[in-house]
Amino acid sequence: MEKTPRLQLDRSAWIQTALDTLADEGVTGVRVEVLAKRLHVTKGSFYWHFKDRQDLLSGVLETWKDGRIRDIIKQTRPEPGGEETLIFRVIDIYSASRNRKGILIELAMREWARRDPAAAAIVEEVDAWRLRCARELFLACGIPMHEASTRSMLLYAYVFGVSMMNCEKFDGDIARMKDDIRDLIARRPPPVTPAAS
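A. Spatial organisation of the overall build of the protein chain. For the protein chain, the count of helices and strands is nine helices and zero strands. The N-to-C order of helical and strand elements in the protein chain reads α-α-α-α-α-α-α-α-α. In the protein chain, which comprises 197 residues, the proportion classed as buried is 40%. Of the contacts made within the protein chain by residues no fewer than 6 positions apart, 64% connect residues no fewer than 24 positions apart. Accessible area of the protein chain: about 12400 Å², with a carbon and sulfur share of 56%.

Right under this line is the structure:
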């Protein structure tokens, strides 16, 4: 009888499974025995790649941070003349519920950050990137610095807030409401014309 070949896992497979577990169970669920069971391997396999659970958690934080920052830069890279359109697209991407697992990971990261200084530092760094990149888009649209900062904060307050709310029954036309909010956040104000003397 032939033996089934043993599954060879690398560090990234453990980290990805940890991220999936984080989405489902929060950081307390990210335990070596849980991950080994999900991966159908022994706990001993874990120690080929990590010193201990803390080493894994550090890898999870770094992987999430690097992935988020890479995506933020990619999604907010301005194209001359297309900055306003890009702002609309960023709002659409982040306020859509297309990536349920991504939202769950985001919420789990924020919950983890409430209790752990290392996680808090990573979440703060990612948020700073989000706000800076959004502000650059608003600045490229000709919006002054203070207002660009305010709109960046408003943009993320909206997209994260709406991801946690179930507001389908609040108003008969949620799609219209979301369009109105998007316009309020992203539209360039009309130029001020001097008053006639």
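B. Structural view of the environment of F138. Tracing the backbone shows F138 in helix α7 (residues 117–140). In this structure F138 comes out as buried when scored by relative accessible area, which is 0%. When residues no more than four places from it in sequence are discounted, the contact partners of F138 are I87, I143, A148, R151, S152, L155, I185 and A186.

C. Fine view of the confidence of the model for the protein chain. Taken over all residues, the pLDDT of the protein chain has a mean of 86, while the share at 70 or more is 88%. By mean pLDDT, the top-scoring element of the protein chain is helix α1 (residues 11–25) (96), and the lowest-scoring one is helix α5 (residues 83–95) (82).

D. Structural detail: the packing of α1 against helix α2 (residues 32–39). Two elements in contact, α1 and α2, have axes separated by 10 Å at closest approach and are oriented at 110°. Accordingly, the angle class assigned to the pair α1 and α2 is roughly perpendicular. Along the contact surface, α1 presents A13, W14, T17, A18, D20, T21, D24 and E25, while α2 presents V32, V34, L35, A36, R38 and L39.

E. Here's a closer look at the packing of α7 against helix α8 (residues 145–164). The interhelical angle for the contact between α7 and α8, taken along N-to-C directions, is 125°, at an axis separation of 8 Å. Viewed along their axes, α7 and α8 adopt a mutual orientation that is oblique. Here α7 runs over α8; the crossing is right-handed. Taking contact as the criterion, the partners of R130, L131, A134, R135, F138 and L139 in α7 are, on α8, M145, A148, S149, R151, S152, M153, L155, Y156 and F160. In the contact of α7 with α8, the residues fall into ten nonpolar, two polar and three charged.

F. View of the packing of aromatic side chains. Under the definition given, this model contains four aromatic pairs. Between F46 and F50, the aromatic rings sit 5.0 Å apart at their centres with planes inclined by 20°, giving stacked as the arrangement. The two residues F46 and F50 agree in class, both being buried. Above the plane of the ring of W129 lies R132, whose end atom (NZ or CZ) is 5.1 Å from the centre.

G. Geometry of the nonpolar core. Among the nonpolar cores identified, the biggest contains 52 residues, and W14, L56, M109 and L155 are the most heavily contacted of them. Elements represented by at least two residues in this core include exactly α1, α2, α4 (53–76), α5, α6 (100–113), α7, α8 and α9 (174–186). Looking at this core, the element that brings in the most residues is α7, giving eight residues. Ignoring sequence-local partners within four residues, the contact set of M109 consists of L19, L22, V60, L61, W64 and V123.

H. Structural view of the pattern of salt bridges. Under the defined criterion, the tally for this structure stands at 18 salt bridges. Between R110 and E106 there is a salt bridge; the shortest N-O distance is 3.0 Å. Pair noted here: R110 and E106 are both in helix α6, with a separation of four residues, about one helical turn. A salt bridge links R130 to D127; its shortest N-O distance comes to 3.2 Å. Highlighted residues: R130 and D127, both in helix α7, separated by three residues, approximately one helical turn. We note that R130, like D127, is buried.

Definitions and limits used
- Residues numbered from 1 in each chain as written.
- Predicted model: local features only at pLDDT ≥ 70, side-chain atom pairs only at ≥ 80, totals over all residues.
- Heavy atoms only, no water.
- Helix = DSSP H or I, 4+ residues; strand = E, 2+ residues; numbered from the N terminus.
- Buried < 20%, exposed > 50% of the residue type's maximum accessible area, 1.4 Å probe, protein only.
- Contact = heavy atoms within 4.5 Å.
- Areas by Shrake-Rupley, 256 points an atom, 1.4 Å probe, with all protein chains shown as cover.
- pLDDT = per-residue confidence, 0-100.
- Axes fitted to C-alpha atoms, helices over the stretch in contact; angles between N-to-C directions.
- Parallel < 35°, antiparallel > 145°, perpendicular 65-115°, else oblique.
- Left-handed = near helix turned anticlockwise from the far one by under 90°.
- Nonpolar A, V, L, I, M, F, W, Y, C, P; charged D, E, K, R; others polar.
- Phe/Tyr/Trp six-rings, centres within 6.5 Å; stacked < 30°, edge-to-face > 60°.
- Lys NZ or Arg CZ within 6 Å of the ring centre and 35° of its normal.
- Core = buried A, V, L, I, M, F, W, Y, C linked by side-chain atoms within 4.5 Å.
- Salt bridge = Lys/Arg side-chain N within 4 Å of Asp/Glu carboxyl O.

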